Each structure stands twice: as structure tokens, then as C-alpha cells.
Amino acid sequence: GLLLLLPLGVVGVFSTLMVASMARSNTDSLSTAAREAAGSWKNALKAVVLVLLTSLVLSVPASVGVALYLIEGSAVVAGIGVALSVLLTAAFSAVSYFLPLTLLEEGSLRQSVESSYSGFSSRRREVWGLVLFSFALFGLALAAEGALESLGFVGFVVGRLASSAVSTYVFVVSPKLY
């Protein structure tokens, strides 16, 4: 399972770089976007490692909270740990919102991260709105998963349609903000 994180992360970053390239160039050419994304492969690979390591760190409060719940039975501690991890993840998502675009424009990962933070700082309200809306959609999808699963094949189809709608939203609205 863990061995798949790096290749899946690379594919995820590559496709996001392609969307950023298409938004920046105002083109719908997949081949042009793929070439530009491929040109940033070193920074993209570094970004994947950065995101994976950051995700590991962001999961620590939730992991500690759940562990303490299992040991001592304190649901409050577990709730605080999970809530802290979710808040930190939302903050990381907001600050790194422009990273796909800045990975294409900057020479190093450090410059890309600094540029992404600068972009976030100048458009805080819009970025926070999109991040919180995305988290709300994710929460809704997570909450509906059990109900959809009990519907069998129909639930599977409805879940895939909902997932497609959310993905389309993310890949349509994000480039407009870029």
C-alpha cells in the first residue's frame, strides 16, 4: 500500500500541473500541457515528497488522539486530535493552493512554495472559500458513503457521479482562480 503513494502522488501532481498549464496558457491542448508538466518533473517529484511528509506530520494529532481514545477511552481527546489534524490540513491546502501553477513558473521547489504562499496571502478570502467548500463536499461524500454502499450497484453509480461532479468543480474553479 505505502509503495503506491509515490507513483500515485506523481500522477496526481502531473495531472494537476497539466490543468495549471492549460489554465495559464488558456489552451485545451493536452499534449502541450503534458510537455510543460513533464518539464517540471524534478520539482513535481520534490513536491510529492513534501506533500507526503507534510501529510504524515498533519496526521500526528489525529493519530495521538485516536491512540489515547483506545488507551483511555477519551472521545474528547480523539475529537480534538482529529479536529486539529483537519484544521492543519485545511491550512496547508490553502497555503499550497497555487503550488501547481508556481511549480511551472519557478526554478526551485522553495521558490514555488514561497510564490504559492504569496498568492494565497493576496487572495485569502477566495482561497479559504474554495478550500472550505471542497472540505464540505468531501465531508458530505464521506458521510454518504455508508448509505450509498448499502444501495449496492445503484449506490456505486451515484457515488461515482458525485465524485465526478466534485472533481469537475475542483478542476473548473481552480484554474479560474489561477
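The notes below deal with the structure included here. The structure presented is a predicted model; accordingly, all values stated were derived computationally and were not measured. (Residues numbered from 1 in each chain as written. Predicted model: local features only at pLDDT ≥ 70, side-chain atom pairs only at ≥ 80, totals over all residues. Heavy atoms only, no water.)

### Points about the nonpolar core
Step number 1: In terms of nonpolar packing, the biggest core is built from 15 residues, with Val13, Leu17 and Leu103 touching the most fellow members.
Step number 2: Sort the elements by how many residues they give to this core and helix α1 (residues 5–25) lands first, with 5 residues.
Step number 3: Filtering out sequence-adjacent residues up to four positions away, Leu17 remains in contact with Ala37, Ser40, Ala44, Pro100, Leu103 and Leu104.
Step number 4: Ala94, Phe120, Leu130 and Val131 belong to the second-largest nonpolar core, a separate cluster that totals 8 residues. (Core = buried A, V, L, I, M, F, W, Y, C linked by side-chain atoms within 4.5 Å. Buried < 20%, exposed > 50% of the residue type's maximum accessible area, 1.4 Å probe, protein only. Helix = DSSP H or I, 4+ residues; strand = E, 2+ residues; numbered from the N terminus. Contact = heavy atoms within 4.5 Å.)

### Structural notes on the packing of helix α3 (residues 41–58) against helix α5 (residues 75–95)
Step number 1: Across the interface, α3 lies against α5 with an axial gap of 9 Å and an inter-helix angle of 155°. Considering their axes alone, α3 and α5 lie roughly antiparallel with respect to each other. Residues Val51, Thr54 and Leu58 of α3 form the contact with α5, whose participating residues are Ser85, Leu88, Thr89 and Phe92.
Step number 2: The class makeup of the residues in the contact of α3 with α5 is 4 nonpolar, 3 polar and no charged. (Axes fitted to C-alpha atoms, helices over the stretch in contact; angles between N-to-C directions. Parallel < 35°, antiparallel > 145°, perpendicular 65-115°, else oblique. Nonpolar A, V, L, I, M, F, W, Y, C, P; charged D, E, K, R; others polar.)

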